[in-house]
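A structural walkthrough
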Amino acid sequence: MERIRTARQIGQTIREKRLQQGLTQQELADASHVSRSLIVRLEKGTATALYPEKLIDVLSALGLHLVLVDAQDKNSAPPQFDCPAPDASDNAASEQRIQEALADLVLSTDLLKTRSRTIPHRN
């Protein structure tokens, strides 16, 4: 299993897998319920403000899993997953599988940034 250390490496992996599956950027965007511009930015490694759920949706649409390991523990091995890609017709089951897969994971803040949304105050 290759270690990914940069946003550019994530993007290269997404692009390679998309092309292997014969998908266009728009088809991948549609399958993962994100915009084509996000796919473009992910593949270029320039998606600087990104909700983790969107990245997970894109990876899931490609049949990929996000696996994080403790970088401080040199003896830790990445967990092995043997589950099918989420079924788009069953959102509740898909979300449950994602929740289970992420239960023990911690996202690295240098790879993913979240942005808070400001909700306008109504008078």
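Up top is the structure these notes are about.
Before going into details, it helps to say that this report is about the structure given with it. Owing to the predicted nature of the structure, the values given are computational and were not obtained by experimental measurement. Residue positions are counted from 1 within each chain, in the order its sequence is given. A pLDDT threshold of at least 70 governs which residues receive local features in this predicted model, and a stricter bar of 80 or more applies before side-chain atom pairs are shown or counted, although totals over entire chains, interfaces and linings include all residues. Only hydrogens and water are removed before side-chain values are computed, so all heavy atoms of the structure are retained for them.

1. Remarks on the overall build of the chain
Numbering of helices and strands runs from the N terminus; a helix is a DSSP stretch of H or I covering at least four residues, while a strand is a stretch of E covering at least two. Scanning the chain from terminus to terminus reveals five helices and zero strands. Along the chain, from the amino end to the carboxyl end, the secondary structure elements read α-α-α-α-α. Throughout, exposure labels follow a simple rule: accessible area from a 1.4 Å probe, protein chains only, divided by the maximum for the residue type, with under 20% read as buried, over 50% as exposed, and the rest as partly exposed. Of all 123 residues assigned to the chain, the portion counted as buried reaches 23%. Residues count as neighbours in contact if any of their non-hydrogen atoms are within 4.5 Å of one another. For the chain, long-range pairs separated by at least 24 residues make up 57% of all intrachain contacts whose partners lie at least 6 apart in sequence. As presented, the chain carries roughly 9,000 Å² of accessible surface, and 48% of it is formed by carbon and sulfur atoms. Each accessible area is a Shrake-Rupley estimate made with a 1.4 Å probe; only the visible protein chains count as cover when residues are assessed.

2. Description of the environment of T46
Within the element layout of this structure, T46 appears in the loop between α3 (36-44) and α4 (52-61). What makes T46 partly exposed here is its relative accessible area of 42%. Residues T46 and G11, spaced 35 residues apart in sequence, show a C-alpha to C-alpha distance of 8.6 Å.

3. Things to note about the packing of helix α2 (residues 25-32) against α3
For any two helices packed against each other, the geometry comes down to the angle between their axes and how far apart the axes lie. Helix axes are fitted only over the stretch in contact, all axes being lines through C-alpha atoms; the angle between N-to-C directions runs from 0 to 180 degrees. Two numbers describe how α2 lies on α3: the axes approach to 8 Å, and their chain directions differ by 110°. It follows from the interaxial angle that α2 and α3 lie roughly perpendicular. Along this stretch, α2 crosses α3, giving a crossing that reads as right-handed. Contact with α2, carried on its side by Q25, Q26, L28, A29 and S32, involves R36, I39, V40 and E43 of α3 and no other residues of that element. Only Asp, Glu, Lys and Arg are considered charged in this grouping, and only Ala, Val, Leu, Ile, Met, Phe, Trp, Tyr, Cys and Pro are considered nonpolar; every other residue, Gly among them, is considered polar. Its residues assigned to classes, the contact of α2 with α3 shows four nonpolar, three polar and two charged. Each angle gets one of four labels, with under 35 degrees taken as roughly parallel, over 145 as roughly antiparallel, 65 to 115 as roughly perpendicular, and the rest as oblique. Here is the rule for handedness: rotate from the far helix to the near one, and if that takes an anticlockwise turn smaller than a right angle the crossing is left-handed, while a clockwise turn gives right-handed.

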